[in-house]
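Chain by chain, the residues:
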Amino acid sequence: MLDTHALVHDFLNKLKRRKIEGSKGTAKLTAELLRTVISQQRIPNTNQAGALVDAIKAIGEQLVAANPVELAVGNVVRRVLHIIREEDLSLMTSAIGGPSLSVISDDENDVDRDDYPVLSAAAVAASARNALRAPSLQTLLEDMSHSAAVHHSSSSVDDSEEKTKSTDKNSRSRKLKHNVIETVNELIQDIAACHEQIAEQAVEHIHHNEIILTLGSSRTVIEFLCAAKEKKRSFRVFVAEGAPRYEGHILAKELIGRGLQTTVITDSAVFAMISRVNMVIVGAHAVMANGGVIAPVGLNMVALAAQRHAVPFVVLAGIHKLCPLYPHKPEVLLNELRAPSELLDFGEFSNCMDSSTGTGFPLLHVANPAFDYVPPKLVSLFITDNGGHNPSYMYRLIADYYSADDLVLQRKPAS
Amino acid sequence: MEPRRPSRVIDPKVRKVGFFTPGPPPDRTRSGPAATTPTRNQSPVSNSLSPVMIPPARHASDNLSRAVGMPVPVASQLHAHPPADSLQVGSYTPSDSVISASPTRSPSSRIGLDGEFSEDSINWMKRSNSGRISAARPTGGPDLKQSVEALINVAEGNKPGTTSGMSAPAQTSKPVNKPNQKKDGPPMVSSTIVPERKGGDKPPEKDRKKDMPPPRMQFDDKSRVEKAKKRSVTKQTEARNRVELFRHLPQYERGNQLSDLESKFFQLDHVHPAVYKVGLQFLAGDIMWSNTRCIAMLQAFQKVIEDYSTPSEKTLARDLTSKINSSVSFLIECRPLSISMGNAIRFLKSRIAKITLAQTESEAKTFLCSDIDRYINEKIVLADKVIVRHAVTKIRDGDVLLTYGSSSLVEMILLHAHELRRQFRVVVVDSRPNLEGQQLLRRLVEKGFSCTYTHINAVSYIMHEVTRIFLGAASVLSNGTVYSTVGTACIAMVAHAHHVPVLICCESYKFHERVQLDSICNPDAIAKVPGRTNNCLDDWAGKENLQLLNLAYDVTPSDYVSMIVTEHGMIPPTSVPVIVREYGREHLLI
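No experiment lies behind these values; they were computed from the predicted model shown.

A. Molecular detail of the overall build of chain A. When its secondary structure is counted, chain A shows 15 helices and 11 strands. Burial analysis of chain A (415 residues in total) assigns 53% to the buried set. If you take every contact in chain A between residues at least 6 apart in sequence, the share linking residues at least 24 apart comes to 82%. Entry remark: accessible area of chain A is about 18,600 Å², with carbon and sulfur atoms responsible for 54%.

Written as structure tokens, this is what we have:
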């Protein structure tokens with residue numbers, strides 16, 4: 001346990017100090033960390049799922065608090081929680097259906113066994129409904145009754161049955177953990193492979209003699225464009241620099257290394273150039289439940305220009321970037337202000353700052369936001385690992401990957 | 001690396017945008033001098049001051065050059081007319097004679113210039129088309145006879161109003177050029193020209209239709225560019241890795257010409273040193289904004305006028321106009337004109353043309369200088385004051401004003417509002433590669449403003465706090481579109497999306513009824529990011545797939561603009577053509 005504590009602490013520090021950035025990197029690390037936590041977590045025999053969920057939630061809360069803007073962390077935490085619940089659910093359904101050889105037929109056992117499946121069926125039905133419904137009073141009650149029933153069943157057996165049941169539950173718990181870890185491994189693989197899956201769809205969208213505009217730099221976009229290039233599509237790329245980090249330069253260098261015709265333009269020239277452009281393809285930092293995009297700064301401007309000139313605005317995003325939250329005032333709340341030194345050298349302005357009149361508030365404020373919010377109506381298409389979607393469809397994908405119970409990661413106060 | 005392509009300098013033979021003052025008189029290096037003579041008449045006509053020339057000249061010149069045969073020997077006789085003619089040139093030699101390789105061609109060049117003057121004054125006065133003149137000439141028929149007639153017509157046109165110096169070469173050309181010509185041709189045609197001159201100052205109604213801009217220099221036509229290159233003073237190196245989308249504009253690299261020109265300072269005596277200095281300043285980027293450029297140019301012209309002395313056998317008006325022309329062409333080579341500068345040049349030439357013979361030279365010169373002063377004062381200085389007074393009424397307490405880049409007019413507005421003790425904040429938005437907002441920011445902070453500084457990408461973030469936007473403009477076109485520093489359109493667009501009013505502050509002398517684009521600037525400015533050690537695009541020229549594009553201007557559609565503040569008042573963008581119509585002509589007619 002100490003091991004995991006140290007690991008978690010280490011990761012938290014890196015997040016807080018922004019040493020780790022980028023949704024893919026953080027998502028992968030979060031998933032790996034949670035996998036370690038799960039494998040090392042000692043879970044009680046009863047209600048293992050609940051125990052796991054609690055443990056993950058506790059850690060997840062801290063991770064999200066360390067960097068609230070890095071939504072991928074919260075996404076992965078919620079994904080893992082969903083995995084736990086799902087695996088638990090599927091184990092229970094298989095327990096109901098298949099014969100369990102370890103159960104000794106006994107009166108009490110029969111009673112228990114009879115009791116159990118009835119409750120399990122209800123629990124199954126409830127869980128099935130849960131996937132489509134927000135937490136409601138009914139699910140809460142069913143949860144409580146379920147755990148009560150389990151408790152009841154466990155308390156009403158004698159030693160021999162206890163032993164059998166405990167072995168039964170032990171094997172089931174081992175199975176739960178095992179399944180969960182397997183699925184988390186799959187999740188990690190998916191995160192790592194999202195680029196390839198998105199790039200496979202490149203050929204459908206990029207045709208011949210097109211001009212594509214992009215801003216800043218994104219690995220997904222690079223892979224996307226190169227995949228189209230490999231399929232012998234000829235097209236040109238305009239890259240806007242993406243001040244103040246000038247990642248556009250890096251992207252341009254990368255693209256010409258792979259043999260694409262590239263032109264670098266300044267961000268201010270985007271409106272002037274967009275009329276000559278066929279399509280805008282960009283990456284995203286996060287995708288919100290309403291279809292809005294948290295993107296590198298400057299992309300709202302590009303999206304508006306694209307709308308004005310009726311140019312399709314395509315966003316490439318892996319599913320790990322899909323956040324089940326709806327944004328409220330995202331320009332401010334889901335944004336990060338970086339150092340002003342990227343824009344202004346302090347030395348240049350120190351002399352004129354001295355002549356401040358001392359009115360109390362600073363005379364010179366430098367705003368250097370890191371992200372921009374692009375509302376869903378400006379986005380034409382999302383391309384994700386599993387295909388292309390409308391922005392209005394993104395909320396449905398949430399049901400596939402997240403459970404309604406996990407939207408709020410704060411644990412309920414211990415009663 | 002790509003082979004160097006010919007540099008793209010404006011070819012005066014080819015059509016140019018209206019107020020572009022003409023390039024140096026045409027190339028001596030053409031094969032047939034007489035073939036070029038008529039073309040020179042046509043093309044310098046088209047290039048000269050009148051902004052409304054529609055030269056079909058191109059076709060005629062092509063045709064004429066095909067019809068070489070006869071004129072060549074004829075013209076060579078013309079050339080053989082050496083010393084008498086060349087002496088008449090006077091102290092001021094046209095720029096061609098310096099540029100051209102062979103000095104023997106100066107006579108023909110002078111003739112061409114003479115033709116140019118007459119066409120010039122005639123046409124400019126009328127604001128009518130050389131299309132008219134060329135309509136008198138056959139456009140389709142490559143008839144040698146007709147083309148020479150054209151030359152004669154022009155020469156005839158000289159007669160009514162000019163000195164003997166002009167008619168002498170005309171007359172020398174006439175007998176030489178017309179061995180086989182019909183004698184009745186010229187008088188008939190000249191009679192059509194003379195009534196034009198007598199027509200009065202207002203262009204006749206039917207000429208207004210021809211008020212269209214001539215098409216622009218085609219930089220993607222290699223042959224033209226080749227010829228232009230040979231003629232140019234400044235050696236512009238062709239940009240490596242040109243952007244294909246902008247092949248119709250000059251793309252060149254800066255930096256080489258400065259040292260070149262500096263070394264030539266004492267050799268080029270056709271260009272007045274004041275003009276030369278201003279040109280170098282433009283080239284080096286020391287003078288940046290259209291108002292300052294315009295004022296600097298006009299003051300340089302004042303010096304030119306003061307130092308000018310009319311050579312014998314010439315009129316002040318025509319000679320001075322040609323001198324101004326050559327100065328302007330030099331300035332164009334350094335940096336293409338802005339619209340305001342074009343309007344100022346038009347005004348100046350109209351003034352020069354109004355000089356009558358009755359005035360003595362010194363009177364004329366003082367008259368011109370005071371006119372220039374008055375123009376600068378009225379159109380720029382006073383206009384700015386009136387605009388500031390109008391705009392300040394739109395600033396209220398508690399406002400958050402956004403401005404982009406560095407506009408002198410907007411700065412004046414802010415300072416004035418500050419003096420009036422209005423409480424407001426300023427947001428300065430800046431962009432690469434010039435980062436001119438930092439200068440404005442420094443000045444504002446020193447004066448005690450409370451400022452916020454961002455880069456253009458963050459405009460969506462900051463727009464929530466902003467209540468009004470003040471922007472400057474390089475020009476406003478007649479459909480209400482604003483032509484201004486690149487990035488203005490983005491700002492206006494985001495403002496429109498957030499329902500923030502956009503006010504453009506622009507003097508009315510910058511209004512224009514046409515569209516023009518400045519050239520693409522130095523692309524190296526993008527590759528180098530100041531303050532960073534690992535510029536990964538340092539060797540961008542070496543990579544053949546990579547191009548850098550550094551646009552200087554962009555165009556903001558009129559629906560993003562809420563209001564335009566001019567000295568005539570605050571108008572919606574739809575009223576711009578009204579201002580152009582009502583107030584545009586008046587300065588010409590003063």
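B. Main features of the packing of helix α18 (residues 361–392) of chain B against helix α19 (residues 408–419) of chain B. All names here are of chain B. Packing of α18 against α19 brings their axes to within 9 Å, and their N-to-C directions diverge by 55°. Overall, the two elements α18 and α19 adopt an arrangement that is oblique. Relative to α19, α18 is oriented so that their crossing is right-handed. Residues D384, I387, V388, A391 and V392 of α18 form the contact with α19, whose own contacting residues are L409, M412, I413, H416 and A417.

C. Representation of the pattern of salt bridges. Following the criterion strictly, the structure yields 18 salt bridges over all chains and no others. A:E223 is the salt-bridge partner of A:R219, the closest N and O atoms lying 3.1 Å from each other. Here A:R219 and its partner A:E223 are both found in helix α9 (residues 219–230), 4 residues apart, which amounts to about one turn of the helix. According to the relative accessible area criterion, A:E223 is partly exposed, its value standing at 22%. Note that B:D371 is salt-bridged to B:R374, the shortest N-O span being 3.2 Å. In this pair, B:D371 and B:R374 both sit in helix α18, 3 residues apart, roughly one turn of the helix.

D. Examining the side chain of A:E241 more closely. Mapping A:E241 onto the fold places it in the loop between β2 (235–240) and α10 (247–257). Of the residues examined, A:E241 reaches a relative accessible area of 0% and is grouped as buried. At 2.4 Å, the side chain of A:E241 and the side chain of B:R432 are in polar contact.

E. Examining unusual backbone geometry more closely. Residues and elements named next belong to chain A. Cis geometry is found at the peptide bond from A243 to P244, where omega equals -5°. Checked against the element boundaries, P244 lands in the loop between β2 and α10. One non-glycine residue with positive phi stands out, namely K232, at about 70°. Tracing the backbone shows K232 in the loop between α9 and β2. Located in the positive-phi region is Y246, a residue other than glycine, with phi close to 55°. Mapping Y246 onto the fold places it in the loop between β2 and α10. The exposure class assigned to Y246 is buried, which follows from its relative accessible area of 10%.

F. Summary view of the environment of A:P330. Residues and elements named next belong to chain A. Tracing the backbone shows P330 in helix α13 (residues 330–333). Judged by its relative accessible area of 8%, P330 falls in the buried class. Beyond its immediate sequence surroundings of up to four residues, P330 is in contact with I294, N335 and Y373.

G. Examining the interface of chain A and chain B more closely. Between chain A and chain B, the residue contacts involve 57 residues of the former and 52 residues of the latter. The contact between chain A and chain B buries some 4,700 Å² in all, and 64% of this surface belongs to carbon and sulfur atoms. When the buried area of chain A at its contact with chain B is split by residue, A:S268, A:F271 and A:M301 rank highest and sum to 13% of it. Between A:R308 and B:D559 there is a salt bridge; the shortest N-O distance is 2.9 Å. Between chain A and chain B we count 13 residue pairs in polar contact (both at pLDDT 80 or more) in total. Of all the elements in the fold, those that place two or more residues in the side of chain A that touches chain B are β2, α10, β3 (261–265), α11 (270–273), α12 (299–308), α14 (346–353) and β8 (364–366) of chain A. Considered class by class, the residues forming the side of chain A that touches chain B number 32 nonpolar, 15 polar and 10 charged. As defined by bridge partners, β8(A) adjoins strand β5 (residues 450–455) of chain B across 3 bridges and the pair is classed as parallel. Its bridge partner lying in β5(B), A:L364 is registered against B:C451.

H. Broad picture of the sheet that holds strand β8 (residues 482–485) of chain B. Residues and elements named next belong to chain B. Pairing is mixed in the open sheet, where 4 strands are placed in the order β10-β7-β8-β12. Each end of this open sheet is capped by a strand with a single partner; those strands are β10 (511–512) and β12 (553–556). Relative to β10, strand β7 (residues 475–477) runs parallel, the two being bridged by 2 bridges. In the sheet register, V476 faces β10, and the bridge partner there is F511.

I. Region of interest: the packing of helix α17 (residues 339–353) of chain B against α18(B). Residues and elements named next belong to chain B. One can describe the packing of α17 onto α18 by two numbers: an axis separation of 10 Å at closest approach and a directional angle of 150°. The orientation of α17 with respect to α18, classified from their angle, is roughly antiparallel. Seen along the crossing, α17 lies across α18 with a hand that is right-handed. Contacts between α17 and α18 involve N343, A344, F347, L348, R351 and I352 on the former and, on the latter, L368, D371, I372, R374 and Y375. Taken together, the residues of the contact of α17 with α18 break down into 7 nonpolar, 1 polar and 3 charged.

J. Examining the packing of aromatic side chains more closely. The tally for this structure, following the rule as stated, stands at 6 aromatic pairs over all chains. Seen from their ring centres, A:F271 and B:Y560 are 6.1 Å apart, and the 65° between their planes marks the pair as edge-to-face. Here A:F271 is found in helix α11, whereas its partner B:Y560 is found in the loop between β12 and β13 (563–566) on a different chain. Owing to a relative accessible area of 5%, A:F271 belongs among the buried residues under this scheme. By relative accessible area, which is 6% here, B:Y560 ends up buried. Look at B:F347 and B:Y375: their rings are 4.2 Å apart centre to centre, the planes differ by 20°, and that puts the pair in the stacked class. You can see B:F347 sitting in helix α17 and its partner B:Y375 sitting in helix α18, a full 28 residues away along the chain. Overall, B:Y375 belongs to the buried group, its relative accessible area being 3%. Through a chain of ring-to-ring contacts, three or more aromatic side chains come together here, namely B:F347, B:Y375 and B:Y509.

K. Structural view of α19(B). Residue and element names in this part refer to chain B. An ideal rise of 1.5 Å per residue puts 16 Å on 12 residues; α19 measures up with 17 Å between its terminal C-alpha atoms. Of the positions making up α19, those classed as buried are L409, V410, E411, I413, L414 and A417. Remark: R421 follows α19 within two positions and exhibits a positive phi of approximately 65°.

L. Looking closely at the side chain of B:S484. Residues and elements named next belong to chain B. Along the chain, the position of S484 falls in strand β8. Reaching out from S484, the side chain makes a polar contact with the backbone oxygen of G472 at a distance of 3.1 Å. If near-sequence neighbours (up to four positions away) are discounted, S484 is found in contact with G472, A473, A474, A552, Y553 and D554.

M. Highlighting the nonpolar core. A:F313 and B:I469 are the most contacted members of the largest nonpolar core, which has 80 residues in total. Here B:I469 is in contact with B:L402, B:M463, B:I491, B:A495, B:V500, B:P501, B:V502 and B:L503, once residues within four sequence places are set aside. Counting 43 residues, the second-largest nonpolar core is a separate cluster that includes B:A274, B:V275, B:Y276 and B:L337.

Conventions used here
All residue numbers here refer to positions counted from 1 along the written sequence of the relevant chain. As they are written, the chains are lettered A onward and the ligands numbered 1 onward, keeping that order. Restriction of local features to residues with pLDDT of at least 70 applies here, the model being predicted, together with a cutoff of 80 or more for giving and counting side-chain atom pairs; totals for whole chains, interfaces and linings are based on all residues. Working from all heavy atoms in the structure, the side-chain values ignore hydrogens and water. Under the DSSP-based scheme used, a helix requires at least four consecutive residues in state H or I and a strand at least two consecutive residues in state E, with every element numbered from the N terminus. With a 1.4 Å probe rolled over the protein chains alone, any residue whose accessible area is under 20% of its type maximum counts as buried; one over 50% counts as exposed, and the rest are partly exposed. When checking whether two residues touch, look at their non-hydrogen atoms; a contact exists if any pair is within 4.5 Å. What sets the accessible areas is the Shrake-Rupley method with a 1.4 Å probe; for residues, cover comes only from the shown protein chains. Note on geometry: axes are C-alpha line fits, over the in-contact stretch for helices, and angles between N-to-C directions span 0 to 180 degrees. Any angle that falls under 35 degrees is termed roughly parallel, while one over 145 is termed roughly antiparallel, one within 65 to 115 roughly perpendicular, and all others oblique. By convention the crossing between two helices is left-handed if the near helix lies anticlockwise of the far one by an angle smaller than a right angle, and right-handed if it lies clockwise. The rule for a salt bridge is simple: a side-chain nitrogen of Lys or Arg has to be within 4 Å of a carboxyl oxygen of Asp or Glu. Whenever two N or O atoms come within 3.5 Å, that pair is a polar contact, provided that in protein one can donate a hydrogen and the other can accept it, and provided that, for residues adjacent in sequence, both atoms are side-chain atoms. Buried surface area refers to the total accessible area, computed with a probe of radius 1.4 Å, that the two partners give up upon joining, counted for both partners together. Three residue categories are used. Nonpolar comprises Ala, Val, Leu, Ile, Met, Phe, Trp, Tyr, Cys and Pro, charged comprises Asp, Glu, Lys and Arg, and polar comprises the others, including Gly. We treat two strands as partners when DSSP finds at least two bridges between them. Each Phe, Tyr or Trp ring, with Trp reduced to its six-membered ring, pairs with another whose centre is within 6.5 Å; inter-plane angles below 30 degrees give stacked pairs, above 60 give edge-to-face pairs, and intermediate values give tilted ones. One less than the number of residues in a helix, times 1.5 Å, gives the span that helix is expected to have. Residue types Ala, Val, Leu, Ile, Met, Phe, Trp, Tyr and Cys, when buried and joined through side-chain atoms within 4.5 Å, form a set referred to as a nonpolar core.

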